[in-house]
Amino acid sequence: MSLSIESAPSTTHQPQGIVEQPELGTARSPVPLAWISLTTIAALLALWSLASSYGLVSPLFLPSPLAVYQALQGLAVTGFVDATLAQHVGASLLRIFSALALAILLGVPAGIAIGTSRLGKGILDPIVEFVRPLPPLAYLPLVIIWLGIGEASKIAVIALAMLPPIILSAATGVKSTSTDHINAARAFGASRLQVLRHVILPSALPSVLTGTRIALGAGWSTLVAAELVAATRGLGFMIQSAAQFLVTDVVIAGIVVIAAVAFVFEMTARQLERWLVPWATRR
């Protein structure tokens, strides 16, 4: 007896290598961040204008954007408390840059000492951790007792606020230096000073620049407190004087100027970072 085997019905197979893709719509390019930021600012200004126009907030507490703009024009032309806006900005910038130079001069060597020496860390680390959380107003009276009410006390208070970020960032940059690079330099006969100059410092430079950016923010936030003491010019002094006389439009104008100068500082610091340490920046 012969057995017949019925063949299974043939099925049609899709050729290999061909994959059906679902239909997709046209890909949309993302909205640039600059447009989002500008839209946000425009919306805030519109809400501010509406609140002022309909009297939702008293002009004494929140003057209109137009009043603030006119106050800026008046500050630039006629000034406030016996000085123009440019003179106030110049006085504040002089204090900020003097304090920054002092903080870098003291902070970078201190950070290197903490990062390279157990003795340096044991001596300096407790001091840094003691000063770091203190608000400037806490040690301002003591600085005045030591240095008087002149420019030295103002610069010293701002510098003390800038020191911890610079010291900690320098120490972190030193500690992050590759051990292989240090050993390679020593294998080629480099001295300790040459290792420090050609290996450790270039490796720590990105962290130092980041700490400097943070220190500038801390310095600007301390500026108002520093200019409370026997100052005759400066943005902080101008804002405090306007607040005493309830000139709110000048107060807001001064805040806008401080924010604008801080923004310019940030953009300049970022550009400087791209120029000095292009290998450590993300484009």
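Above: the structure in question.
Now for a description of the structure that goes with this document. Once a new chain begins, its residue numbering starts again from 1 and follows that chain's sequence as written. Only residues with pLDDT of at least 70 are given local features in this predicted model, and only at 80 or more are side-chain atom pairs given and counted; all residues enter the totals for whole chains, interfaces and linings. Side-chain numbers here rest on the full set of heavy atoms in the structure, without hydrogens or water.

Re the overall build of the chain
Alright, step 1. By definition, any uninterrupted DSSP run of H or I lasting at least four residues is a helix, any uninterrupted run of E lasting at least two residues is a strand, and each is numbered from the N terminus. Across its full length, the chain carries 10 helices and 0 strands.
Alright, step 2. Reading the chain from its N end, one meets helices and strands in the order α-α-α-α-α-α-α-α-α-α.
Alright, step 3. Burial classes: relative accessible area under 20% of the type maximum marks a residue as buried, over 50% as exposed, and values in between as partly exposed (1.4 Å probe, protein chains only). The buried share of the chain, taken over its 283 residues, is 34%.
Alright, step 4. Of the contacts made within the chain by residues no fewer than 6 positions apart, 70% connect residues no fewer than 24 positions apart. Note on contacts: a residue pair is in contact if any heavy atoms of the two residues lie within 4.5 Å.

With respect to helix α9 (residues 235-244)
Alright, step 1. With 7 of its 10 residues buried, α9 lies for the most part within the structure.
Alright, step 2. If you check which residues of α9 are buried, you get Leu-235, Gly-236, Phe-237, Met-238, Ile-239, Ser-241 and Ala-242.
Alright, step 3. Of the surrounding elements, those touching the buried residues of α9 are α2 (65-77), α3 (85-116), α8 (192-226) and α10 (248-276).
Alright, step 4. At the C-terminal side of α9, Leu-246 shows a positive phi close to 60 degrees.

Quick look at the environment of Ala-259
Alright, step 1. Along the chain, Ala-259 falls in helix α10.
Alright, step 2. Along the sequence, Ala-259 and Trp-220 sit 39 residues apart, while their C-alpha atoms lie 9.2 Å from each other.

Quick word on the pattern of salt bridges
Alright, step 1. Whenever a carboxyl oxygen of Asp or Glu lies within 4 Å of a side-chain nitrogen of Lys or Arg, that contact is scored as a salt bridge. Taken as a whole and judged by the stated rule, the model has 6 salt bridges.
Alright, step 2. Note that Arg-95 and Glu-227 form a salt bridge whose closest N and O atoms lie 2.7 Å from each other. Linking Arg-95 in helix α3 with Glu-227 in the loop between α8 and α9, this pair joins segments that are 132 residues apart in sequence.
Alright, step 3. Salt-bridge contacts for Glu-273 lead to Arg-213; the nearest nitrogen and oxygen are separated by 3.0 Å. Here the residue Glu-273 occupies a position in helix α10, and Arg-213 occupies one in helix α8, the gap between them amounting to 60 residues.
Alright, step 4. Connected through salt bridges with shared partners, the residues Arg-213, Glu-266, Arg-270 and Glu-273 form a single ionic network.

What to know about the packing of aromatic side chains
Between two aromatic rings, the relevant description is the distance of the centres plus the angle of the planes.
Alright, step 1. The rule is short: rings of Phe, Tyr and Trp, with Trp giving its six-membered ring, pair when the centres are within 6.5 Å, and they are stacked under 30 degrees, edge-to-face over 60, tilted in between. Applying the stated rule across the entire model yields 2 aromatic pairs.
Alright, step 2. An angle of 40 degrees between the planes, with centres 5.8 Å apart, marks the rings of Trp-220 and Phe-265 as tilted. With Trp-220 in helix α8 and Phe-265 in helix α10, this pair connects stretches of sequence that are 45 residues apart. Each of the two residues, Trp-220 as well as Phe-265, counts as buried.
Alright, step 3. An aromatic cluster of at least three residues, connected via ring pairs, comprises Phe-97, Trp-220 and Phe-265.

A few points about the packing of α3 against α10
The description of two helices packed together rests on the angle between their axes and the distance between the axes.
Alright, step 1. One way to put it is that α3 packs onto α10 with a least axis distance of 12 Å and a crossing angle of 45 degrees. Between α3 and α10, the interaxial angle falls into the category oblique. Crossing handedness for the pair α3 and α10: right-handed. Between α3, through Leu-85, Val-89, Leu-93, Ile-96 and Phe-97, and α10, the contact on the second element is made entirely by Val-257, Val-261 and Phe-265. Every axis corresponds to a line fitted to the C-alpha atoms, with the helix fit spanning only the stretch in contact, and the corresponding angles, defined between N-to-C directions, vary from 0 to 180 degrees. When an angle is under 35 degrees it counts as roughly parallel; over 145 it counts as roughly antiparallel; between 65 and 115 it counts as roughly perpendicular; any other value is oblique. Crossing handedness is read from the near helix: turned anticlockwise from the far helix by less than a right angle, it gives a left-handed crossing, and turned clockwise, a right-handed one.

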